[in-house]
Structures are given as C-alpha cells and as structure tokens.
Amino acid sequence: MSKISHISLSPSPPPPPSFPPLPPGISWFGCEGHGYTFTGLNFTTMDTILNFFVQHKFNTVRIPVSVAFALAPLDTKPNQRFVGKSLKGKTIWEILGEAIDQAALRGLMVMLDMHTLGPQEPSDLWYDEQYQEADILQAWTNIMAAYSAKWNVFALGECREGRVGERRARMRGGNKRV
C-alpha cells in the first residue's frame, strides 16, 4: 500500500511582492506657524531633539513649512521667543538649513512639506486670493534653491491641507485649475 504524502490541487500562489520597508518618520512642526521656526527650540536644543529622533529609531523627518515662510525674505528672523540662545540672531532660512545639516550628520533624511499657505492657515485649495499660482511656484523655487542640493533632502510635499477642499471643488464641478 503506497501513501500519498502531498496532494496539490492548484499551483501555489506567487509570493507577495517585496516592498522596501517604509521609513519610520516623524514630523517636526513649527516652520509653518507664526514663529517660522521649529516647535520646542525655546525649551531645548536642536541637538537634543534630533538625538531624540535617532534614539527612538526614526530615520526620516518631515518638516512642514508654509508658503508664507517660503516667500519670506532671506533676512527674516523668527519670533525670538521661539528660539534658544544658540539660534538668536539667525534667520528662519539659516535655522532650517542648520536643522537639515544637523539631521544629515545623524543620517536622518528630510522631507520638506508645503503644509499651509499662511502661518497655520489651512485652505480648501492649494491657492487663495493672497497666494496665487505664481506665488506657489516662487515658494517652491525658493525652497529648492536653498535646500535641494543637500543630500538628505529626499522628498517634497505639497499643500496637504488643501486635499479635502480640492475634492469638494471637483465634485461640485467648479475650479478648473485644480
């Protein structure tokens, strides 16, 4: 009497596709706000915050900015009550650049995200009466000119806060520019 050890009625399914693991990321807010600089820098140092990210195994930092930030002149200083002693006198552009550079020293990748139009002002669309298409393009040009050559800036995001409004506009059949 012979035994059947294995019966296969159909071919085995193919193995699932292998995707690279998603990078464990964290968002560091503040540059999109009224102070134009990172949250927490008035209480602790940039080193402490970035070291915390590394110690907790994050490898990607998402930095939201506003269109208003990106259109600000290069000599714009943040609200001084939002920065510690080591950053006093630096511009918003210098502080963001230093954060990107310090992140690079720790092997952290950076995504810059055009999060809102004005400081903490979500909009239904990616533009409004104050910030038109030309302003948005200039904002991206400014960000790219300042930071795109940095090896650890690997991604850019666009006005994430406008998504719901864009869908509503399309559903209503309005706003052909979306």
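Structure shown above.
Residues numbered from 1 in each chain as written. Predicted model: local features only at pLDDT ≥ 70, side-chain atom pairs only at ≥ 80, totals over all residues. Heavy atoms only, no water.

Participant: Would you take a moment to explain the overall build of the protein chain for this structure?
Facilitator: Within the protein chain, the secondary structure is distributed over 5 helices and 4 strands. Walking the protein chain from its N terminus toward its C terminus, one meets helices and strands in the order β-α-β-α-α-β-α-β-α. For the protein chain, with 178 residues in total, the buried portion stands at 39%. Partitioning the contacts of the protein chain with sequence separation of at least 6, the portion at a separation of at least 24 is 76%. (Helix = DSSP H or I, 4+ residues; strand = E, 2+ residues; numbered from the N terminus. Buried < 20%, exposed > 50% of the residue type's maximum accessible area, 1.4 Å probe, protein only. Contact = heavy atoms within 4.5 Å.)

Participant: I tried to follow the packing of aromatic side chains on my own but got confused; where do I start?
Facilitator: Both the distance between ring centres and the angle between the ring planes are used here to describe each pair of aromatic rings. For the structure on display, the rule yields 7 aromatic pairs. Taking 5.7 Å as the distance between ring centres and 85° as the angle between the ring planes, the aromatic pair formed by tryptophan 28 and phenylalanine 53 counts as edge-to-face. Placement of the pair is tryptophan 28 in the loop between β1 (25–27) and α1 (46–55) and phenylalanine 53 in helix α1, with a sequence separation of 25 residues. Across the pair, exposure class does not vary: tryptophan 28 and phenylalanine 53 are buried alike. Ring geometry for tyrosine 36 against phenylalanine 69: centres 6.0 Å apart, planes inclined by 70°, an arrangement best described as edge-to-face. Placement of tyrosine 36 in the loop between β1 and α1 and of phenylalanine 69 in helix α2 (residues 67–71) is noted, with a sequence separation of 33 residues between them. Assessed through its relative accessible area of 0%, phenylalanine 69 is described here as buried. (Phe/Tyr/Trp six-rings, centres within 6.5 Å; stacked < 30°, edge-to-face > 60°.)

Participant: Mind showing me how you'd approach the pattern of salt bridges here?
Facilitator: Pairing between side chains of opposite charge can happen when their charged atoms approach one another. On inspection of all chains with the given rule, the structure shows 4 salt bridges. In this structure, the salt-bridge partner of aspartate 47 is arginine 106, at a minimum N-O distance of 2.9 Å. With a gap of 59 residues between them, aspartate 47 in helix α1 and arginine 106 in the loop between α3 (92–105) and β3 (109–116) connect regions that are remote in the sequence. Classification of aspartate 47 as partly exposed rests on a relative accessible area of 37%. (Salt bridge = Lys/Arg side-chain N within 4 Å of Asp/Glu carboxyl O.)

Participant: Help me out: how do you make sense of the side chain of threonine 116 in this one?
Facilitator: Along the chain, the position of threonine 116 falls in strand β3. Within the structure, threonine 116 has its side chain in polar contact with the backbone oxygen of glycine 118 (distance 2.8 Å). (Polar contact = N/O pair within 3.5 Å; in protein donor to acceptor, adjacent residues only side chain to side chain.)

Participant: Teacher, can you tell me more about the nonpolar core here?
Facilitator: For soluble globular proteins, nonpolar side chains are generally found buried alongside one another. Trp28, Phe38, Ile63, Phe69, Leu96, Leu112 and Ile143 are the most contacted members of the largest nonpolar core, which totals 41 residues. If one sorts the elements of this core by residue count, α3 sits on top with 7 residues. Excluding residues that lie within four positions of it along the chain, isoleucine 63 makes contacts with Trp28, Cys31, Phe38, Leu96, Val110, Met111, Leu112 and Asp113. (Core = buried A, V, L, I, M, F, W, Y, C linked by side-chain atoms within 4.5 Å.)

Participant: How do you make sense of the pairing of strand β2 (residues 60–66) when you look at a structure like this?
Facilitator: A regular strand carries its side chains on alternate faces of the sheet. Most of β2 is tucked away: 7 of the 7 residues are buried. Neither face of β2 is exposed, since Thr60, Arg62, Pro64 and Ser66 on one face and Val61, Ile63 and Val65 on the opposite face are all buried. Chirality of the crossover, the property in question, places the unit of β1, α1 and β2 among those that are right-handed. Judged from the 7 bridges that link them, β2 and β3 form a sheet pairing that is parallel. Along β3, the bridge assignment pairs valine 61 with valine 110. (Right-handed = clockwise from strand over helix to strand, strands pointing away. Pairing = 2+ DSSP bridges.)

Participant: Would you mind showing me how to read unusual backbone geometry here?
Facilitator: What you tend to see is this: most non-glycine residues have negative phi, and most peptide bonds are trans. Within the chain, tyrosine 36 stands out as a residue other than glycine whose phi angle is a positive 60°. According to the relative accessible area criterion, tyrosine 36 is buried, its value standing at 17%. Here the phi dihedral of lysine 57 falls at roughly 65°; this positive angle occurs in a residue that is not glycine. Mapped onto the fold, lysine 57 is located in the loop between α1 and β2. Taking the relative accessible area as the measure of exposure, lysine 57 reaches 66% and is therefore exposed.

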